[in-house]
Structures are given as structure tokens and as C-alpha cells.
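# What the coordinates show
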Amino acid sequence: MEIKTIIIEDEHKTREVLDMKIKSLCPELDVIAYASNIDSAYSEIQKHNPDLIFLDVEMPGGTGFDLLDRFKEIPFEIIITTGYSRYGLQALKVSAVDYLLKPIKSDELQVAVKNALLRIEARTKRNDYALLKHNIHFLNDQRTKISINHLGEIYFVAIKDIIRCEAYEKYTYIYTVQNDKLLSPVGIGTYDDLLIPFGFCRCHKSHSVNGKHILKYDKRESIVQMSNLSNVPIARRKKNQFEEFLESLN
């Protein structure tokens with residue numbers, strides 16, 4: 001099965017290099033169109049109904065996220081490409097398959113495409129506006145849902161059901177009350193930006209915990225036990241901050 005693909009990128013050289021890499025490394029993809037701004041991108045998407053788009057963020061006439069806002073439903077997968085690391089949170093919110101920093105590395109491109117193929121094959125199409133409507137009703141409440149891409153499938157998880165997050169290289173394990181251990185391609189720092197306002201605490205360079213799921217804190221051993229009975233270490237330099245966080249929960 002050939003995957004209809006559109007490259008949306010305003011820089012000609014970058015677009016050309018990405019196109020060559022796709023043709024060389026990802027033969028499953030059929031690049032059917034190119035666009036250099038959001039107006040032409042919208043037109044090409046309407047015309048070709050792609051399975052996958054490579055989406056640059058900063059372009060003439062608006063951002064890639066402005067383009068996505070034009071769609072009531074998003075029936076295609078998205079791989080974000082950008083020269084700036086600050087867009088990770090937005091990429092997470094639109095459930096992008098992956099988030100590639102320019103210059104795009106060949107191995108990271110192949111991993112992103114593999115994940116996109118899994119999602120397309122599984123027909124895990126999403127409706128982000130439905131998720132947004134749900135979240136509007138629970139603003140600043142742990143009933144807010146976020147989308148987590150796990151091995152090509154999208155899970156919509158209420159924040160109240162997330163017990164903790166654990167960094168794994170550039171990825172993040174998400175542990176939930178359903179006994180799921182979801183592996184997200186998004187780094188733990190981005191999850192900090194998303195979850196700390198909802199009652200999470202980064203207690204270690206590799207760990208973040210949901211205050212509502214803390215069972216007990218062993219101050220002597222600097223370990224916190226969570227509702228799934230897992231033990232999470234508290235970094236020495238974060239101990240005071242963590243104890244202040246615990247006091248705020250009372």
C-alpha cells in the first residue's frame with residue numbers, strides 16, 4: 001500500500017532534501033504534492049486527501065498549527081518538522097506522529113514514518129475537536145484528556161488516570177490506572193509543561209508524579225510510593241521542592 005504524502009515546507013532546499021530522503025529511505029510513501037504556505041497546503045490537502053503530511057511550523061501566512069485549525073476533522077497523520085524545539089507541546093496537543101528537528105536525521109525520519117504507517121494501517125484516525133470540546137468542560141481539572149501516541153495507536157487518557165511519567169532516552173513512559181505502560185515519542189520535559197499545572201511534580205530528572213496518586217513518602221529513603229505500588233526516587237536536589245509540593249496537597 002502506497003501512502004499518499006504531502007510535504008509542506010517553505011524552504012526549497014529543505015523540501016528538496018526531505019523529498020530525497022523519503023524516496024531513498026521510505027519507499028512506502030508516495031509524495032504526491034508540495035506546498036510552501038498554509039493557503040497552498042490547504043488547497044493541496046483538499047485536492048489529494050493525503051494519508052500523511054510532513055508539516056513545517058513557521059511559514060509565510062501563518063503557522064502549521066494555523067493550517068490544522070482550518071479542519072473540523074483531521075483525517076490524516078502528521079509529522080511535525082521544525083528548526084525550533086519550542087513547539088513540542090503544540091505537537092503533542094495535535095497528536096502528531098512525531099516531532100522532527102531540522103536538519104532531519106535519517107534514523108529519526110525512519111522511526112517517525114514507521115509509527116505513521118502503524119497508525120494508518122490501524123485506521124486510528126482521530127477527531128481532535130471532539131477532544132477539545134471535552135477539555136473545555138474540564139478546564140484546569142484532572143478530568144481533562146490528553147492524547148498519547150503508543151506504538152502507532154492513539155490513547156485518550158484523562159489526566160486523573162495518569163499515575164506517573166518516566167523518562168526513557170528521548171521518550172516517556174506513561175503509567176496509568178488501567179495498568180497501561182504507554183511509550184510516548186514525546187520527551188518528559190514536554191509532559192512537565194502539560195501536566196505540572198494539573199498537580200504533577202517533577203521529583204527526579206527521570207520521574208514526574210501525580211500528587212493525587214501518592215500513597216506514602218519515605219523521607220529517610222527519599223522514595224515515594226504511588227497508587228500502583230511502584231516506588232519512585234526523589235532526587236536530593238529536589239527534595240525540598242517535593243516536600244513543599246506535598247504540603248500544598250493538604
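Scroll up to find the structure.
Residues numbered from 1 in each chain as written. Predicted model: local features only at pLDDT ≥ 70, side-chain atom pairs only at ≥ 80, totals over all residues. Heavy atoms only, no water.

### Considering the overall build of the protein
Along its length, the protein carries eight helices and 17 strands. Put simply, 56% of the contacts in the protein that link residues at least 6 apart link residues at least 24 apart. For the protein, the computed accessible surface area is about 12,800 Å², with 49% contributed by carbon and sulfur atoms. (Helix = DSSP H or I, 4+ residues; strand = E, 2+ residues; numbered from the N terminus. Contact = heavy atoms within 4.5 Å. Areas by Shrake-Rupley, 256 points an atom, 1.4 Å probe, with all protein chains shown as cover.)

### Focus: the pattern of salt bridges
Counted under the stated rule, the structure contains 11 salt bridges. Salt-bridge contacts for Arg-202 lead to Asp-192; the nearest nitrogen and oxygen are separated by 2.3 Å. Taken as a pair, Arg-202 in strand 13 (residues 200–204) and Asp-192 in helix 7 (residues 188–195) lie far apart in primary sequence, 10 residues in all. Across this residue pair, the class does not change: Arg-202 and Asp-192 are buried. The salt bridge partner of Arg-220 is Glu-221, with a shortest N-O separation of 3.9 Å. Relative accessible area serves as the criterion here: at 75%, Arg-220 is assigned to the exposed category. Salt bridges sharing partners connect three or more residues here, namely Glu-9, Asp-56 and Lys-102. (Salt bridge = Lys/Arg side-chain N within 4 Å of Asp/Glu carboxyl O. Buried < 20%, exposed > 50% of the residue type's maximum accessible area, 1.4 Å probe, protein only.)

### Brief notes about the environment of Arg-70
Take Arg-70: it is sitting in the loop between helix 3 (64–68) and strand 6 (77–82). A relative accessible area of 37% places Arg-70 in the partly exposed class. Counting along the chain gives 28 residues from Arg-70 to Tyr-42, while the straight-line C-alpha distance between them is 8.1 Å. Excluding anything up to four places from it in sequence, Arg-70 contacts Ile-38, Asp-39 and Tyr-42.

### A closer look at the packing of aromatic side chains
What the rule picks out here adds up to six aromatic pairs. Look at Tyr-42 and Phe-71: their rings are 5.1 Å apart centre to centre, the planes differ by 50°, and that puts the pair in the tilted class. Here Tyr-42, found in helix 2 (residues 38–48), pairs with Phe-71, found in the loop between helix 3 and strand 6; they are 29 residues apart in sequence, far enough to count as distant. Consider the rings of Tyr-168 and Tyr-173, whose centres lie 5.4 Å apart with planes at 40°: the pair is tilted. Taken together, the ring pairs in this structure connect Tyr-42, Phe-71 and Phe-76 into an aromatic cluster. Lying over the aromatic face of Tyr-42, Arg-70 brings its terminal NZ or CZ to 5.4 Å of the ring centre. The aromatic ring of Tyr-175 is capped on one face by Arg-164, whose charged end is 4.0 Å from the ring centroid. (Phe/Tyr/Trp six-rings, centres within 6.5 Å; stacked < 30°, edge-to-face > 60°. Lys NZ or Arg CZ within 6 Å of the ring centre and 35° of its normal.)

### Focus on the nonpolar core
Among the nonpolar cores identified, the biggest contains 21 residues, and Ile-8, Leu-55 and Ile-78 are the most heavily contacted of them. In terms of nonpolar packing, the next biggest core, distinct from the first, is built from 19 residues, Ile-22, Val-31, Leu-100 and Ala-116 among them. (Core = buried A, V, L, I, M, F, W, Y, C linked by side-chain atoms within 4.5 Å.)

### Overview of the pairing of strand 3 (residues 52–56)
The element strand 3 is largely enclosed, with a buried count of five among its five residues. Side chains Leu-52, Phe-54 and Asp-56 project from strand 3 onto one buried face, and the interleaved Ile-53 and Leu-55 project onto a second face that is buried too. Across four bridges, the pairing between strand 1 (residues 3–8) and strand 3 is parallel. Bridging across to strand 3, Ile-6 finds its partner in Ile-53. As paired elements, strand 3 and strand 6 share five bridges and run parallel to each other. Note that in strand 6 the partner of Leu-52 across the bridge is Glu-77. (Pairing = 2+ DSSP bridges.)

The values reported here are purely geometric and, on their own, carry no functional implication.
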